[in-house]
Amino acid sequence: MLSLQSLSSFSKSLGFDLLSWIPYTQRDPQHLELWLNEARHACLDYMAEHPRHDPSILMEHARSMILLTTSYNHPSSHAYSHLRIARYAHHLDYHEVLRERLETLATFIAAETGAQLAWRCATDSAPLLERTFAQHAGLGWIGKNSLLIHPSLGSFTLIAELLLDIDPITHTTPTPTPNRCGSCSKCLHACPTQALASPYVLDARRCISTWTIESSGPIPRWIRPLIGDMIFGCDICQEVCPWNSKSHLSSDPKLLPSQHPTLSLSPLDILTLTSRQFNQIFAQSPVLRAGRHGLARNAAVVLGNSKNTSCIDTLLQRCSLEHSPLVRGHIAWALSQFDASPSIIHTLQQLMHNDPSSFVQLEAQLALEHLGHLAFSFDPMYP
Ligand code: SF4
Ligand code: SF4
């Protein structure tokens, strides 16, 4: 048996900030089931595919779970890049970094206890209500923005779990962290899309992070202007949270923004990347998750929102060079955000009449309507 203190200090030497544990337990899935029944998970189908409240589904004979958090907080998302991307994506993909550390921790526990240990590690990679378990283990509370918040670490933290078939720690009872949101509701008011319609309930159908990271389809038209310059993810409901304004900054070399690969890229560069270039540049970045088409789609929306006329020529060229209908359709939308010019109108008319994709045709038609130029070109016989 180990003391919580010795395990905790070893985990700090690996780079984790906090460690706690809970004996094997199930959590009440009622909150999640209600959320799923209301279809608030949007395209996050994996949330509905596996039960998340019972660790023994992940690992038979699970007796306990060690929970760890580590901060990736750094001062600003703008200081390091021309791209406004979620803070967690400013450094290398954390999954591999944390997995290695968890494996070292498991080896340490096996050596110290002399046990034939069975274990499984997870970092936002397995069906587990990890925030709920972390709250139960005393690592923070789930705030009105639905994220785990710790009084000194804030919410820019990564959560990792180690499931074990033993109880490795001399008996201590973890104390769940009390909720400290109080009367604050800054995150609810700051969310540009009202995705936090009520406290503690995130409606992923309205969330910019869902659409710019997880979705591989068209972004709803009403959300596009609200995306502003956020090309990958959104941190607004964390940036406004008072618990993040004075929280600990990470000094973990593997989670520092200097490691991220996007320092010199602009949204215009993103729009013109080939798949090969995209895969090379983002090979070790969380941004890879969006895929080349998804990130180029987001770039088109950001360029439209920028109203920067210097990108119009590239947008026009991409209407014929871009292979993905998803991206071409969003470029059509982006063009509609500028003042109508003969070249914009001509290109949109070409797309509306000649593009092989019905999605692109519709986007071009709506773009022309938006610019008040549909009457010149609209053929009522055209599907
Ligand atoms: S990530 Fe952005 S869009 Fe999503 S809930 Fe938070 S503030 Fe709203
Ligand atoms: S902004 Fe306020 S209400 Fe929202 S999570 Fe932070 S403390 Fe809670």
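Calculation rules
- Residues numbered from 1 in each chain as written.
- Chains lettered and ligands numbered in written order.
- Predicted model: local features only at pLDDT ≥ 70, side-chain atom pairs only at ≥ 80, totals over all residues.
- Heavy atoms only, no water.
- Near = heavy atom within 4 Å.
- Helix = DSSP H or I, 4+ residues; strand = E, 2+ residues; numbered from the N terminus.
- Nonpolar A, V, L, I, M, F, W, Y, C, P; charged D, E, K, R; others polar.
- Core = buried A, V, L, I, M, F, W, Y, C linked by side-chain atoms within 4.5 Å.
- Buried < 20%, exposed > 50% of the residue type's maximum accessible area, 1.4 Å probe, protein only.
- Contact = heavy atoms within 4.5 Å.
- Pairing = 2+ DSSP bridges.
- Expected span 1.5 Å × (residues − 1).
- Arc of directions from axis to C-beta.
- pLDDT = per-residue confidence, 0-100.
- Axes fitted to C-alpha atoms, helices over the stretch in contact; angles between N-to-C directions.
- Phe/Tyr/Trp six-rings, centres within 6.5 Å; stacked < 30°, edge-to-face > 60°.

### As for the site of ligand 1
For step 1, the next point in the chain: The full set of residues close to ligand 1 is Cys 191, Pro 192, Thr 193, Ala 195, Leu 196, Leu 202, Cys 207, Ile 208, Ser 209, Cys 234, Ile 236 and Cys 237.
For step 2, the next point in the chain: Among the secondary structure elements, those contributing two or more residues to the shell around ligand 1 are α8 (208–214) and α10 (236–239).
For step 3, the next point in the chain: Class assignment of the residues belonging to the shell around ligand 1 gives a composition of 10 nonpolar, two polar and no charged.

### Details of the nonpolar core
For step 1, the next point in the chain: Residues Ile 66, Ile 109, Phe 232 and Leu 348 are the most contacted members of the largest nonpolar core, which totals 80 residues.
For step 2, the next point in the chain: Residue contacts for Ile 66: discarding those within four places in its chain leaves Leu 7, Leu 19, Ser 20, Trp 21, Leu 105, Ile 109, Ala 160, Glu 161, Leu 162, Leu 164 and Pro 168.

### Quick look at the pairing of strand β2 (residues 64–71)
For step 1, the next point in the chain: Taking burial as the measure, the eight residues of β2 include eight buried ones, the bulk of the element.
For step 2, the next point in the chain: Burial along β2 is two-sided: the face carrying Ser 64, Ile 66, Leu 68 and Thr 70 and the face carrying Met 65, Leu 67, Thr 69 and Ser 71 are both buried.
For step 3, the next point in the chain: In this sheet, β2 lies alongside strand β1 (residues 18–23) in antiparallel orientation, the contact comprising six bridges. By the bridge assignment, Leu 18 is partnered in β2 with Thr 69.

### Details of the site of ligand 2
For step 1, the next point in the chain: By nearness alone, every residue bordering ligand 2 is listed as Lys 144, Asn 145, Ile 149, Cys 181, Cys 184, Ser 185, Lys 186, Cys 187, Cys 241, Pro 242 and Trp 243.
For step 2, the next point in the chain: Put simply, the parts of the chain that give the shell around ligand 2 at least two residues each are α7 (186–190) and α11 (242–245).
For step 3, the next point in the chain: Looking at the shell around ligand 2 residue by residue, the class counts come to seven nonpolar, two polar and two charged.

### Digging into the environment of Leu 164
For step 1, the next point in the chain: Relative to the assigned elements, Leu 164 resides in strand β7 (residues 157–164).
For step 2, the next point in the chain: Between the C-alpha atoms of Leu 164 and Arg 120, which are 44 residues apart in sequence, the distance is 6.8 Å.

### Focus: helix α14 (residues 291–306)
For step 1, the next point in the chain: Compared with the 22 Å implied by 1.5 Å per residue over 16 residues, the 22 Å span of α14 between its first and last C-alpha is a close match.
For step 2, the next point in the chain: Most of α14 sits out of view: 13 of its 16 residues are buried.
For step 3, the next point in the chain: Within two residues after α14, Lys 307 carries a phi angle of roughly 55°, on the positive side.

### Considerations on the environment of Leu 147
For step 1, the next point in the chain: Along the chain, Leu 147 turns up in the loop between β5 (141–142) and β6 (148–149).
For step 2, the next point in the chain: When the C-alpha atoms of Leu 147 and Cys 237 are compared, they prove to be 9.3 Å apart, with 90 residues separating the residues in sequence.
For step 3, the next point in the chain: Among residues more than four places away in sequence, those in contact with Leu 147 are Arg 131, Trp 141, Ile 142, Ser 155 and Gln 238.

### As for helix α5 (residues 94–113)
Owing to its 3.6 residues per turn, the α-helix aligns residues three or four sequence positions apart on the same side.
For step 1, the next point in the chain: For α5, which comprises 20 residues, the first-to-last C-alpha distance of 28 Å matches the rise-based estimate of 28 Å (1.5 Å per residue) to within 8%.
For step 2, the next point in the chain: Listed as buried for α5 are Tyr 94, Val 97, Leu 98, Arg 101, Leu 102, Leu 105, Ala 106, Phe 108 and Ile 109. Down the axis, α5 shows its buried residues gathered within 170° of arc, on one side only. In α5, the exposed positions angled more than 90 degrees off the buried face are occupied by Thr 107 and Ala 111.
For step 3, the next point in the chain: Downstream of α5 by one or two residues, Gly 114 has phi in the positive range, about 70°.

### Focus: the confidence of the model for the chain
For step 1, the next point in the chain: Scored by pLDDT, the chain has a mean of 87; 84% of the residues are at 70 or more.
For step 2, the next point in the chain: Considering only residues more than four positions removed or in separate chains, one finds that residues 376–383, a stretch of pLDDT under 50, has 13 contacts.

### Concerning the sheet that holds strand β4 (residues 119–122)
For step 1, the next point in the chain: Spatially, four strands are ordered β1-β2-β7-β4 in an open sheet, and the strand pairing comes out antiparallel. Taken across any chain shown, the strands that pair with only one partner, and hence form the sheet edges, are β1 and β4. With direction set aside, neighbouring strand axes in the sheet form an average angle of 20°.
For step 2, the next point in the chain: Taken together, the eight bridges between β2 and β7 define a ladder with antiparallel strand orientation. Within β7, the residue paired with Leu 68 across the bridge is Ala 160.

### Points about the packing of aromatic side chains
The relative placement of two aromatic rings is captured by the distance of their centres and the angle of their planes.
For step 1, the next point in the chain: This structure, assessed with the given rule, holds six aromatic pairs.
For step 2, the next point in the chain: Measuring from ring centre to ring centre gives 3.8 Å for Phe 10 and Phe 108, while their planes differ by 5°; the resulting arrangement is stacked. With a gap of 98 residues between them, Phe 10 in helix α1 (residues 4–14) and Phe 108 in helix α5 connect regions that are remote in the sequence.
For step 3, the next point in the chain: Using a relative accessible area of 17% as the deciding quantity, one classes Phe 108 as buried.
For step 4, the next point in the chain: Relative to Phe 232, the ring of Tyr 88 lies with its centre 6.2 Å away and its plane at 40°, an arrangement referred to as tilted. With Tyr 88 in the loop between β3 (84–85) and α5 and Phe 232 in strand β8 (residues 230–232), the pair connects residues that are 144 residues apart, well separated along the chain.
For step 5, the next point in the chain: Grouped by ring-pair contacts, the aromatic residues Tyr 88, Tyr 94 and Phe 232 constitute a single cluster.

### Some points on the pairing of β7
For step 1, the next point in the chain: Where burial is concerned, most of β7 is hidden: eight out of the eight residues are buried.
For step 2, the next point in the chain: Neither face of β7 is left uncovered, since the one carrying Thr 157, Ile 159, Glu 161 and Leu 163 and the one carrying Leu 158, Ala 160, Leu 162 and Leu 164 both have all their residues buried.
For step 3, the next point in the chain: When β4 meets β7, the two strands line up antiparallel, connected through four bridges. Each bridged residue has a counterpart across the sheet, and for Ala 122 the counterpart in β7 is Glu 161.

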